[in-house]
4 protein chains.
Amino acid sequence: MPRTAGSRGARTAAAIRRAGLKLIARHGFAAMNLRELAAEVGIQPGSLYNHIETKQALLFDLIREHLDSLLASTEAALSAAPPDPLAQLRAFAAHHVLYHLEKRQEVYIANFELRALDAANYGRIIILRQAYEARLTALLEAGDQAGELTVADPPVTAFALLAMLTGVCTWYRPGGRLSKATLVALHTDLALNGIRRRASG
Amino acid sequence: MPRTAGSRGARTAAAIRRAGLKLIARHGFAAMNLRELAAEVGIQPGSLYNHIETKQALLFDLIREHLDSLLASTEAALSAAPPDPLAQLRAFAAHHVLYHLEKRQEVYIANFELRALDAANYGRIIILRQAYEARLTALLEAGDQAGELTVADPPVTAFALLAMLTGVCTWYRPGGRLSKATLVALHTDLALNGIRRRASG
Amino acid sequence: MPRTAGSRGARTAAAIRRAGLKLIARHGFAAMNLRELAAEVGIQPGSLYNHIETKQALLFDLIREHLDSLLASTEAALSAAPPDPLAQLRAFAAHHVLYHLEKRQEVYIANFELRALDAANYGRIIILRQAYEARLTALLEAGDQAGELTVADPPVTAFALLAMLTGVCTWYRPGGRLSKATLVALHTDLALNGIRRRASG
Amino acid sequence: MPRTAGSRGARTAAAIRRAGLKLIARHGFAAMNLRELAAEVGIQPGSLYNHIETKQALLFDLIREHLDSLLASTEAALSAAPPDPLAQLRAFAAHHVLYHLEKRQEVYIANFELRALDAANYGRIIILRQAYEARLTALLEAGDQAGELTVADPPVTAFALLAMLTGVCTWYRPGGRLSKATLVALHTDLALNGIRRRASG
DNA sequence: AATGAATGAGCTTTCATTCAT
DNA sequence: TATGAATGAAAGCTCATTCAT
């Protein structure tokens, strides 16, 4: 007779993912070890394998779920914004910063531990990541064609803006001098100003 | 009897640093192993210890040398530029991008492997890094006070600009579509535009 | 309330023994694991313990059942043969080869996995095995005394003949070049010729 | 500067092979563990890997060396015997029994642990083993054609004789009731009698 | 300055077995 | 009787580091 939903098993699996995020973000994937992860969850190392396939598969799952979630919530944010290019871009930037501030662990892992993925998993993740980059590139091109932006090279500009907007989550700590809202506004302006079309000359 | 400058020992030491940069940049510090490093150099693992103290000390040396070199060459670049705030900032940005494009391995390590440093080494490195960040922050404040820039929050803006200007070296590969000079110009403009004071209305 | 004879439980128990024979014969006892056995049966590993005591007990049961069956069918074969020593021996050899060809998995396990038995179980099995060897030794002695055989050392000769007659099941595969009947005849002759009394000097 | 020959390294490697033979013969390959092997040698488990590639490679090396040695010493024994078929066969059988009595551990492993070899290694070993079997098959065919033997099916007879002649090393213990020489004679006669041509009727 | 061999601690993973449900 | 989840021990193997030569 199968256990009921919400059973201990599901809670353990969730705790493993939570602890995985925390420890990989803290130590890096290679330096994190499953003994510590198990201890954090409160089970024996071998018991992890009732819930994960391998250490590598855990990393892949965490990254994939993050990117799935990022893509979905980005679409939601864009849908909720006015359709003109500047508003869409501002929505993208604001959502990016806020989302990244709130999911700093996931972001860290998804950006800096890709090299720890094996070839097959790396390929799968890159597709998702490129979809996200392409979304911003398309917005930049639309803004350029609408005459509202001056974008010298859309894909390169997209990379540059993403780097800037992502950077905040490498140093932000809750309770610091500036609120999340302030940081969102500051970075959004910085990004938009960098590409907004100048009045004339 | 000490060997002459170009002795085998000195060449081995240099080869170890070169291989260290390459392998740490490729795999990350924790995932890199000294066996592979020794093989790359063409010696046995035990022989490494005639040239390095520990794996940790190798990492520290590589990062410190990089930051020393970055700080020194930044000062040289700023000295060679006109003293007005905008020109200084442009020189800083252009130098940063070019230097980072040319030292991608060092940059990668100095940015992403700080967590692998032990506490004492981390403290030493952070001082150097903060000096670099402070240099840019000071330029932003000067430009703001001179009325040429609009900088909402100098330290945060400095972080944001550094993230953007550094980002390029995570994807740049020599022989790609765009030359280094083009990338330098593109990123410099993007950064400067983000903070240049708007005409008025 | 006990289930009826053909109940699910009894069928599961039989499937476990069948899978056990197959997997132990294929991989060896130590290399076989209960996960694979459970998968072969179509249940979860924990469920095995409704039907077996331990992995060790499963091995013991399989070997004991095989030897019980071998001893019983040997007696039946000897009873059905003429009582003279040569005929008895020929019946023993023919039965041995045929039985071994038909129960190759059981034979393999009973011959090569005895060392995996714990001390107590090993002792119980050795008694059965020695009974079988003693049966052949007795036939050899009887033949020798009757003047029909020349048996230098009955127990050693018994071991040697058993090794030869058993060996066929390490390489025999159904559908091969020779039929079971041919192999039985060939080996029986080979064994008998080895010990039949020579005409004179 | 390399160590001199006969160094500790070579002695350790030899001790590992000796202990490997002993423990694999005693427990079986799967049930043997490298911790026990290391303890037997008097080193730490990790140190084994200065001398072996993997556990699997150790098994392969032991089996291959045994078969190489068996083939070579068989050739030497045949060369030393008179060239007529019966003498050659007798020399083969006597050599086989004696060699097997003296290398019981190697024989056990080479016969019963082939299934523990991975596919590639298994293929390499089977070639050697078939060469040995083919040598006996050829002698049987020669004896049959010379009219001195009656061999119903040379390859099957070869398998049967090898099984019989090998069987002795599964139960022989030094210091037992019968000397090696006696056992060699007994088994050689048994084998030869099984196939020697009968006078006539 | 280089080597080969050793250490000792650690790693991910496997496994027989238990047990509440 | 079956399940899913847990245990605890052990496995093969890796690795930074040491050291006599």
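Residues numbered from 1 in each chain as written. Chains lettered and ligands numbered in written order. Predicted model: local features only at pLDDT ≥ 70, side-chain atom pairs only at ≥ 80, totals over all residues. Heavy atoms only, no water.

**Brief notes about the pattern of salt bridges**
For the structure on display, the rule yields 36 salt bridges over all chains. Between glutamate 102 of chain A and lysine 180 of chain A there is a salt bridge, with the nearest N and O atoms lying 3.9 Å from each other. With glutamate 102 of chain A in helix α4 (residues 85–102) and lysine 180 of chain A in helix α8 (residues 180–195), this residue pair connects regions lying 78 residues apart in the sequence. Taking the relative accessible area as the measure of exposure, lysine 180 of chain A reaches 27% and is therefore partly exposed. Of the charged contacts, one joins aspartate 153 of chain A and arginine 177 of chain B as a salt bridge, the two residues approaching to 2.7 Å between their closest N and O atoms. Highlighted residues: aspartate 153 of chain A in the loop between α6 (119–145) and α7 (154–171) and arginine 177 of chain B in the loop between α7 (154–171) and α8 (180–195), drawn from two different chains. By relative accessible area, arginine 177 of chain B is classed as exposed at 62%. (Salt bridge = Lys/Arg side-chain N within 4 Å of Asp/Glu carboxyl O. Helix = DSSP H or I, 4+ residues; strand = E, 2+ residues; numbered from the N terminus. Buried < 20%, exposed > 50% of the residue type's maximum accessible area, 1.4 Å probe, protein only.)

**A closer look at the interface of chain D and chain C**
Listed per partner, the contact involves 32 residues of chain D and 32 residues of chain C. Of the roughly 2,500 Å² buried between chain D and chain C, counting both surfaces, carbon and sulfur atoms make up 63%. On the chain D side of the contact with chain C, Arg115, Val156 and Arg198 of chain D bury the most area, a combined 24% of that side's loss. Where chain D packs against chain C, one counts four salt bridges. Residue glutamate 113 of chain D pairs with arginine 115 of chain C through a salt bridge whose shortest N-O separation is 3.2 Å. Sorting the residues of the side of chain D that touches chain C by element identifies α1 (8–27), α5 (104–112), α7 (154–171) and α8 (180–195) of chain D as the ones contributing at least two each. When residues in the side of chain D that touches chain C are grouped by element, the largest group, nine residues, is from α7 of chain D. (Contact = heavy atoms within 4.5 Å. Buried area = accessible area lost by both parts, 1.4 Å probe.)

**A closer look at α7 of chain D**
Over its 18 residues, α7 of chain D extends 27 Å from the first C-alpha to the last, a length consistent with the 26 Å expected when each residue adds 1.5 Å. Counting buried positions along α7 of chain D yields 14 of 18 residues, so the element is predominantly enclosed. (Expected span 1.5 Å × (residues − 1).)

**What about the relation of the copies chain A and chain B?**
A rotation about an axis combined with a shift along that same axis relates the two copies of the chain. When chain A is fitted to chain B, the best match, at an RMSD of 0.1 Å, comes from turning it 180° and sliding it 0.0 Å along the axis. What the superposition gives is, in effect, a two-fold axis relating one chain to the other. The share of interface residues of chain A whose copies in chain B are also at the interface is 100%, consistent with both copies meeting through the same surface. (Least-squares fit on C-alpha atoms with pLDDT ≥ 70 in both.)

**Considering the protein's contact with DNA strand E**
Within the structure, DNA strand E sits among 36 residues, and Arg35 and Tyr49 of chain A, His51 of chain B together with Ser47 and His51 of chain D are positioned closest to it. Contact distances for DNA strand E include 2.9 Å between a phosphate oxygen and a backbone N or O atom of lysine 55 of chain A. Here a phosphate oxygen of DNA strand E sits 3.1 Å away from a polar atom, N or O, in the side chain of threonine 12 of chain B. Within the residue set of the surface near DNA strand E, elements represented by two or more residues are α2 (34–41) of chain A, α1 (8–27) of chain B, α2 (34–41) of chain C together with α1 of chain D. (Near = heavy atom within 4 Å. Polar contact = N/O pair within 3.5 Å; in protein donor to acceptor, adjacent residues only side chain to side chain.)

**Observations regarding the protein's contact with DNA strand F**
The local shell around DNA strand F holds 35 residues, among which Ser47 and His51 of chain A, His51 of chain C together with Asn33 and Tyr49 of chain D are the closest. At the protein interface, 64% of the atoms of DNA strand F within 4 Å belong to sugar or phosphate. Between a phosphate oxygen of DNA strand F and a main-chain N or O atom of lysine 55 of chain B, the distance comes to 2.8 Å. Elements represented by at least two residues in the surface near DNA strand F include exactly α1 (8–27) of chain A, α2 (34–41) of chain B, α1 (8–27) of chain C together with α2 (34–41) of chain D. Ranked by residue count, the leading element in the surface near DNA strand F is α1 of chain A, at three residues. When grouped by side-chain class, the residues that make up the surface near DNA strand F number nine nonpolar, 18 polar and eight charged. (Nonpolar A, V, L, I, M, F, W, Y, C, P; charged D, E, K, R; others polar.)

**Observations concerning the state of the cysteines**
Taken as a whole and judged by the stated rule, the model has zero disulfides over all chains. Cysteine cysteine 169 of chain C shares no disulfide, and the gap to the nearest cysteine sulfur, in cysteine 169 of chain D, comes to 17 Å. For cysteine 169 of chain C, a relative accessible area of 9% translates into the label buried. (Disulfide = S-S within 2.5 Å.)

**Considerations on the interface of chain A and chain B**
Across the boundary between the two partners, chain A contributes 32 residues, which contact 32 residues of chain B. Summed over both partners, the interface of chain A with chain B comes to about 2,500 Å²; 63% of that surface belongs to carbon and sulfur atoms. Remark: the boundary between chain A and chain B carries four salt bridges. Counting the contacts that link chain A with chain B gives eight residue pairs in polar contact (both at pLDDT 80 or more).

**Section: the packing of aromatic side chains**
Evaluated as defined, the whole model comprises 14 aromatic pairs over all chains. Ring geometry for tyrosine 108 of chain B versus phenylalanine 112 of chain B: centroids 4.7 Å apart, planes at 80°, classification edge-to-face. Here phenylalanine 112 of chain B and tyrosine 108 of chain B lie together in helix α5 (residues 104–112), a separation of four residues that amounts to about one turn. In this structure phenylalanine 112 of chain B comes out as buried when scored by relative accessible area, which is 16%. An aromatic cluster is present here, built from Tyr108 and Phe112 of chain A together with Tyr108 and Phe112 of chain B joined pairwise through their rings. (Phe/Tyr/Trp six-rings, centres within 6.5 Å; stacked < 30°, edge-to-face > 60°.)

**Remarks on the relation of the copies chain D and chain C**
Taken as rigid bodies, chain D and chain C are interconverted by a rotation of 180° and an axial shift of 0.0 Å, the fit giving an RMSD of 0.1 Å. Interface residue correspondence from chain D to chain C reaches 100%, placing this contact among same-surface, isologous pairings.

**Topic: the domain arrangement of chain A**
All names here are of chain A. Each assigned domain of chain A is listed with its residue range as follows: domain 1 (1–53) and domain 2 (55–193). The distance between the C-alpha centroids of domain 1 and domain 2 comes to 28 Å. Each partner contributes to the interface: domain 1 provides 15 residues, whereas domain 2 provides 14 residues. Summed over both partners, the interface of domain 1 with domain 2 buries about 1,400 Å², with 72% contributed by carbon and sulfur atoms. Area buried by domain 1 at its contact with domain 2 is led by Arg17, Leu21 and Phe29, which between them contribute 50% of it. (Domains from an automatic or database assignment.)

**What about the side chain of asparagine 121 of chain C?**
Residue and element names in this part refer to chain C. Tracing the backbone through its elements, the reader meets asparagine 121 in helix α6 (residues 119–145). A polar contact is formed between the side chain of asparagine 121 and the side chain of arginine 124, at a distance of 2.5 Å. Leave out the neighbours within four places in its chain, and asparagine 121 touches Gln56 and Phe60.

**Some points on the packing of helix α4 (residues 85–102) of chain B against α7 of chain B**
Each pair of packed helices gets described by two things: the angle between the helix axes and the distance between those axes. Residues and elements named next belong to chain B. For the pair α4 and α7, the least separation of the axes is 8 Å and the interaxial angle reads 30°. In terms of axis orientation, α4 runs roughly parallel to α7. Two packed elements cross with a definite hand, and for α4 against α7 that hand is right-handed. Contacts from Phe92, Ala93, His96, Val97, His100 and Leu101 in α4 reach Leu162, Leu165, Thr166, Val168 and Cys169 in α7. Its residues assigned to classes, the contact of α4 with α7 comprises eight nonpolar, three polar and no charged. (Axes fitted to C-alpha atoms, helices over the stretch in contact; angles between N-to-C directions. Parallel < 35°, antiparallel > 145°, perpendicular 65-115°, else oblique. Left-handed = near helix turned anticlockwise from the far one by under 90°.)

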